[in-house]
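Each chain, letter by letter, is given below.
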Amino acid sequence: MRATQVVIDLAALRHNLARARAAAPDSRILAAIKANGYGHGMLRVARALEQADGFGVACLAEALQLREAGIRQPIVLLEGFFGADELEAIARQHFIPAIHNTAQLELLEQAVLPAPIAVWLKVDSGMHRLGFPLTQAQPAWQRLASCRNVSAVVGCMTHLANADNLNDDFTARQLADFRRHTAGLPGERSIANSAALLGWPDSHAEWVRPGIMLYGVSPLLGGRGGQHGLKPVMTLRSELIAVNHLKRGEAVGYGGAFVCPEDMAVGVVAAGYGDGYPRHIPNGVPVLVNGRRVPLVGRVSMDMLTVDLRSQPAARPGDPVVLWGEGLPVEEIAEHAGTIPYELLCRVMPRVDAIESGG
Ligand SMILES: *Cc1c(COP(=O)(O)O)cnc(C)c1O
């Protein structure tokens, strides 16, 4: 069997949820588990996080999958609904959409539903992605509150654009603007993603919405999960499937992108971009072989990549390899790849089997 797998540490997930609780002790936790639980498997994440107060997903299909699997917590549709045809299922399953624009509001007013639904009002406090403009928060609230299809407006929600940068004062401005324009409206407030949960305690309010930190990853620029007491949940692991003893001047892989500067051993790892390891990552990126760092060399191919084994001349086929996770922070790999850990985690391909540990 191909050894390339992700190990999903459920104990680490629960530990990270406890860290989120400790950091925001007065807030309820809406765990963001969209995009297949950030690549970790949405259902296994939801089951492991049974202590969460609710779950946040991106669309109805994700929410239905959770309900069909018996998940009973409140489920918030963070982008609301994408068409009036979704409203009946939302009403029947008691999903809570975030209503973010006038088009959604009108569809909701015109719908004929089996029962009225609870909604969040989403307000744009400066990110300029989703939400009613600040100046429309009050009238939008009034319209929702008087809509016959709305049983309750749970509260006002907004999203922060720059919370991952603790030196950026835009966050304080968003917080102040959101407060000012929603002052006097009843209900709860929800502002904080992981970065705000850890870095901007002022943002906590009634509901925090952590995602990435639950998976053990630092949400802060240049940060590492370990600095916040988080434990990595996903480890992408594989093994050596060949070790080649090459002569000085011999080239490795497509395009001969790496030329051996001396006689040396080069290991072939059974993982590539077809598994979700980024193809454009540069030479020199660390890979763990037998728990010790070696540099990646040559081009990443679909099913394989190659590593410099000069520091481990005795390494052999079958030796264990870690591409990120336990012992090798995904934050570090993402920095080398010019992306963010979120993308690497989400992009692990379906052919990579997941194994649970810490259950
Ligand atoms: C995904 C998402 C979150 C979680 O963000 P993290 O940076 O992963 O903590 C919070 N709020 C909304 C609206 C989201 O879409």
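Scoring rules and cut-offs
Residues numbered from 1 in each chain as written. Predicted model: local features only at pLDDT ≥ 70, side-chain atom pairs only at ≥ 80, totals over all residues. Heavy atoms only, no water. Phe/Tyr/Trp six-rings, centres within 6.5 Å; stacked < 30°, edge-to-face > 60°. Helix = DSSP H or I, 4+ residues; strand = E, 2+ residues; numbered from the N terminus. Buried < 20%, exposed > 50% of the residue type's maximum accessible area, 1.4 Å probe, protein only. Near = heavy atom within 4 Å. Polar contact = N/O pair within 3.5 Å; in protein donor to acceptor, adjacent residues only side chain to side chain. Areas by Shrake-Rupley, 256 points an atom, 1.4 Å probe, with all protein chains shown as cover. Nonpolar A, V, L, I, M, F, W, Y, C, P; charged D, E, K, R; others polar. Domains from an automatic or database assignment. Buried area = accessible area lost by both parts, 1.4 Å probe. Salt bridge = Lys/Arg side-chain N within 4 Å of Asp/Glu carboxyl O.

1. As for the packing of aromatic side chains
Applying the stated rule across the entire model yields three aromatic pairs. Plain terms: the ring middles of Y38 and Y215 are 4.7 Å apart, the flat faces sit at 25° to each other, and that makes the pair stacked. Pair noted here: Y38 is in helix α2 (residues 34-38) and Y215 is in the loop between β10 (207-208) and β11 (234-246), with a separation of 177 residues, a long-range link. Residue Y38 shares its accessibility class with Y215, and that shared class is buried. Note on Y277 and W324: the rings are 6.2 Å apart at their centroids and 15° apart in plane angle, and the pair reads as stacked. A residue pair is termed long-range when its members are at least 10 positions apart, and Y277 in the loop between β14 (264-269) and β15 (286-289) and W324 in strand β18 (residues 320-324) qualify at 47 residues. As far as the burial class goes, Y277 and W324 line up, both buried.

2. Digging into the site of the ligand
Around the ligand lies a shell of 13 residues, among which K34, Y38, S194, I212 and Y342 are the nearest. Between the ligand and the protein, one listed contact pairs an oxygen atom with a side-chain N or O atom of K34 at 2.5 Å. The contact in question runs from an oxygen atom of the ligand to an N or O atom on the side chain of S194, over 2.5 Å. Contact with the protein chains removes 92% of the 390 Å² of surface that the ligand exposes when unbound. Residues that form the shell around the ligand fall into these classes: six nonpolar, four polar and three charged.

3. A closer look at the environment of M234
Among the structural elements, M234 can be located in strand β11. In the structure, M234 is positioned 175 residues away from C59 in sequence and 24 Å away in space, judged by C-alpha atoms.

4. Digging into the domain arrangement of the protein chain
The domains assigned to the protein chain are domain 1 (10-220) and domain 2 (234-357). For domain 1 versus domain 2, the distance between C-alpha centres works out to 37 Å. Per-residue buried area on domain 1 facing domain 2 is highest for Y38, R44 and V217; these three make up 41% of the total on that side. Between domain 1 and domain 2 we count one salt bridge in total.

5. Digging into unusual backbone geometry
At Y38, a residue that is not glycine, the phi angle is positive and equals roughly 50°. Residue Y38 is classed as buried on the basis of its relative accessible area, which comes to 6%. A positive phi is found at H94, a non-glycine position, where the angle reads about 60°. Following the sequence through the fold, H94 ends up in the loop between α5 (87-93) and β5 (96-99). The class for H94 is exposed, based on a relative accessible area of 59%.

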